[in-house]
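Structural overview for review
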Amino acid sequence: MLRPSPAPAPALRSVLAALGSPSAVSEARTPALRAAQGPLSPELPLPVHVLGLAAAPPAAGAAGPRPPRTHLAGWRFLIRHGDRAIAAADTMLTPDGWSFSHFFEGPYVAATERALMQAEALVTPYQPRLLSVPELYMLTLWLHTDTDSDGASTAPGPEDLLVPLAPAPPGIASHRPYRVADLLPVIGLRLGPPPLLGSAAGA
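Along each chain, residue indices are assigned from 1 in the same order as the chain's sequence is written. Selection of residues for local features in this predicted model requires a pLDDT of at least 70, selection of side-chain atom pairs for listing and counting requires 80 or more, and totals for whole chains, interfaces and linings are taken over all residues. Side-chain numbers come from the whole structure's heavy atoms, not from hydrogens or water.

So, about the sheet that holds strand S2 (residues 70-81). With respect to topology, eight strands assemble into an open sheet ordered S4-S3-S2-S1-S5-S6-S7-S8, the strand pairing being mixed. On the outer flanks of this sheet lie strand S4 (97-104) and strand S8 (178-179), each paired with one strand and no other. Strand pairing is defined by DSSP finding a minimum of two bridges between the two strands. Starting at the N terminus, helices and strands are each numbered in turn, a helix being any DSSP run of H or I of at least four residues and a strand any DSSP run of E of at least two. The pairing of strand S1 (residues 41-51) with strand S5 (residues 127-133) spans three bridges and is classified as parallel. Along S5, the bridge assignment pairs Val48 with Leu130.

Here it is in structure tokens:
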């Protein structure tokens, strides 16, 4: 079951204002949003965290693996039209507070909706989030066990689950729940620094 954290009120207001702005909708690169007839509603707000290079394996001789490092980059709302999400809206934190960033559509919109429906059927309660790995062009649904969190905490817990959204990088199954301890090392290896020029490459 899912226990989402409420989005900051200014973030929601900024998305509602953008949806009510003909220019914001018409300028968006979202044909489905522009073509929609009838009401559009922002739903299922998710905090978007970004996993950085600090998750990569340590240099030779370093003591132990580096802890995963993430930071809250924004809040994402799925834009529902009728019985399905047709687009999403991202917000970002500015010096003046949370504000609308942009609309978008694409495979991650449907994949997010699908993953949330799958997670809703789980017995264990989780707080849903999104975890992005920009260097791998990868997005996961992050199921956080601390359901009382405000959504801004930045460290994945050992019992958390990560569900890669389709399309996932080669070798990583999409829509399969992974324990953080199982998936983060795989991500970390792929984020590791490339071999030095002139060094022997692996076969």
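The next point concerns the environment of Ala9. Along the chain, Ala9 falls in helix H1 (residues 9-19). Each residue's exposure class comes from its accessible area (1.4 Å probe, protein chains only) as a fraction of the maximum for that residue type: buried when under 20%, exposed when over 50%, partly exposed otherwise. The partly exposed category is assigned to Ala9, whose relative accessible area is 43%. For the pair formed by Ala9 and Trp98, sequence separation is 89 residues and the distance between their alpha carbons is 8.6 Å.

Glancing now at unusual backbone geometry. A negative phi holds for most residues other than glycine; trans holds for most peptide bonds. In this model, Ala166 is joined to Pro167 through a cis peptide bond whose omega is 5°. One can find Pro167 in the loop between strand S7 (161-164) and S8. Although it is not a glycine, His175 adopts a positive phi angle of roughly 60°. Following the sequence through the fold, His175 ends up in the loop between S7 and S8. The exposure class assigned to His175 is buried, which follows from its relative accessible area of 11%.

End to end, helix H4 (residues 107-120) covers 20 Å across 14 residues, agreeing with the expected 20 Å (1.5 Å per residue, within 8%). Residues of H4 that are buried include every one of Val109, Ala111, Thr112, Glu113, Ala115, Leu116 and Ala119, and no others. A helix is expected to reach a length of 1.5 Å times the quantity of its residues less one.

Further remarks concern H1. Of the positions making up H1, those classed as buried are Ala11, Ser14, Val15, Ala18 and Leu19. Projected onto a plane normal to the axis of H1, the buried residues spread over an arc of 135° and lie on a single side. Among the exposed residues of H1, those pointing more than 90 degrees away from its buried face are Arg13 and Ala17. Against helix H2 (22-27), S1, S2, strand S3 (84-94) and S4 lie the buried residues of H1. Along the arc lie the directions from the helix axis toward the C-beta atoms. It only takes one pair of heavy atoms within 4.5 Å for two residues to be counted as in contact.

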